[in-house]
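Commentary on secondary and tertiary structure
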Amino acid sequence: MKSIVIFASGTGSNAENIIRYFQKKEAISVVAVFSNNPNALVLEKAKKLAVDAVSFNKNELYGESVLLKLAEYKPDLIVLAGFLWKFPEHLIAAYPDKIINIHPALLPKYGGKGMYGFHVHQAVLNQQENETGITIHFVNAEFDKGRIIFQKSISISNCTSPEEIAHKVHELEYRYFPEVIHELLKLKT
């Protein structure tokens, strides 16, 4: 059985979508959701879907606590789905090529520190881009600089607000993120 651990900071719509996707698959499951926010809605969603919910603080993430807790789950893949803190280098070293992130734009554009969610969509709108999309990439020591695994673009030429762009990008995320995770895990057999 292949196992996935998801890290998220907020409402967890992508995390919930990934959990539900893999509940219908054999041989792969989401075993835990980790969050840096003890009040994050994602933790409640995980519990309702019978997935372990783990919260931690900054000292636990950058110290040894989260590393030790992760080892209990033996993840084949760690998925960052709306996780807003920089992932520590000692965790990246412990799980080489096993940590992925989704970014709501076509990297290398609109990436880096502070570029997440609404901020990305507002920047895309401000630049009057005709398209945007999603990028799924491996995590390394720099924000949004890891090797790209998958990109998918969508036209936003008719969008007039960051909310409209967000809606289109979320549709791409919900469709492709679980599929890319599935393919990655099939390749690791």
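Look a little higher up for the structure.
A brief structural summary. (Residues numbered from 1 in each chain as written. Predicted model: local features only at pLDDT ≥ 70, side-chain atom pairs only at ≥ 80, totals over all residues. Heavy atoms only, no water.)

1. Let's talk about the pairing of strand β5 (residues 99-103)
Here β5 lies mainly inside the structure; five of its five residues are buried. Here β5 shows no split at all, with Ile99, Asn101 and His103 on one side and Ile100 and Ile102 on the other all buried. Of the strand pairs in this sheet, strand β4 (residues 77-80) and β5 are connected by three bridges, and their pairing is parallel. Across the sheet, residue Leu80 finds its bridge partner in β5, namely Asn101. Following the chain from β4 across helix α5 (residues 89-94) to the adjacent parallel β5, one finds a crossover that is right-handed. Alignment of β5 against strand β6 (residues 131-138), held across four bridges, turns out to be antiparallel. Paired with Ile102 across the strands is Ile136, a residue of β6. (Buried < 20%, exposed > 50% of the residue type's maximum accessible area, 1.4 Å probe, protein only. Helix = DSSP H or I, 4+ residues; strand = E, 2+ residues; numbered from the N terminus. Pairing = 2+ DSSP bridges. Right-handed = clockwise from strand over helix to strand, strands pointing away.)

2. Examining unusual backbone geometry
Here the bond from Leu107 into Pro108 is cis, since omega is 15 degrees, no more than 30 degrees from zero. Of note, the phi angle at Ala50 is positive, near 60 degrees, even though the residue is not glycine. Phi at Tyr110 is positive, roughly 60 degrees, even though this residue is not glycine. With respect to the helices and strands, the residue Tyr110 is situated in the loop between β5 and α6 (117-126).

3. Description of the packing of aromatic side chains
Under the counting rule described, the total for this entry stands at twelve aromatic pairs. Taking 6.0 Å as the distance between ring centres and 75 degrees as the angle between the ring planes, the aromatic pair formed by Phe34 and Tyr73 counts as edge-to-face. Here Phe34 is found in strand β2 (residues 28-35), whereas its partner Tyr73 is found in helix α4 (residues 65-73), with 39 residues between them in sequence. Considered together, Phe34 and Tyr73 belong to a single accessibility category, that of buried residues. For the ring pair Phe83 and Phe87, a centre distance of 5.9 Å and an interplane angle of 80 degrees mean the geometry is edge-to-face. (Phe/Tyr/Trp six-rings, centres within 6.5 Å; stacked < 30°, edge-to-face > 60°.)

4. Description of α4
Within α4, burial applies to Val66, Leu67, Leu70 and Tyr73. End-on view of α4: buried residues confined to an arc of 110 degrees, all on one side of the axis. Across α4 from its buried face, at more than 90 degrees, point the exposed residues Leu68 and Glu72. In this fold, the buried residues of α4 make contact with β1 (2-8), β2, β3 (52-55), α3 (58-62), β4 and α5. Two residues or fewer past α4, Lys74 is found with a positive phi of approximately 45 degrees. (Arc of directions from axis to C-beta. Contact = heavy atoms within 4.5 Å.)

5. Comments concerning the packing of helix α1 (residues 13-23) against helix α7 (residues 162-187)
Relative to each other, α1 and α7 sit at 55 degrees, their axes nearing to 9 Å. One finds that α1 runs oblique with respect to α7. Judged by the twist between their axes, the crossing of α1 over α7 is right-handed. Side by side, α1 and α7 meet where Ser13, Asn14, Asn17, Ile18, Tyr21 and Phe22 of the first sit next to Glu173, Tyr174, Phe177, Pro178, Glu179, Ile181 and His182 of the second. (Axes fitted to C-alpha atoms, helices over the stretch in contact; angles between N-to-C directions. Parallel < 35°, antiparallel > 145°, perpendicular 65-115°, else oblique. Left-handed = near helix turned anticlockwise from the far one by under 90°.)

6. What to know about the sheet that holds β2
Backbone hydrogen bonds are what pair the strands of a sheet, in a parallel or an antiparallel way. Spatially, the seven strands line up as an open sheet ordered β3-β2-β1-β4-β5-β6-β7, and their pairing is mixed. On the outer flanks of this sheet lie β3 and β7 (148-155), each paired with one strand and no other. Neighbour-to-neighbour, the strand axes of the sheet open up by a mean angle of 20 degrees, direction not taken into account. In terms of strand pairing, β6 meets β7 through seven bridges, oriented antiparallel. Counted as the bridge partner of Ile134 is Lys152 from β7.

7. Considerations on α6
Within the sequence span of α6, burial applies to Val120, His121, Ala123 and Val124. Buried residues along α6 cover an arc of 160 degrees about the axis, so they all sit on one side. The inward-facing, buried residues of α6 contact β5, β6 and α7. Looking one or two residues beyond α6, the residue adopting positive phi is Gln128, at roughly 55 degrees.

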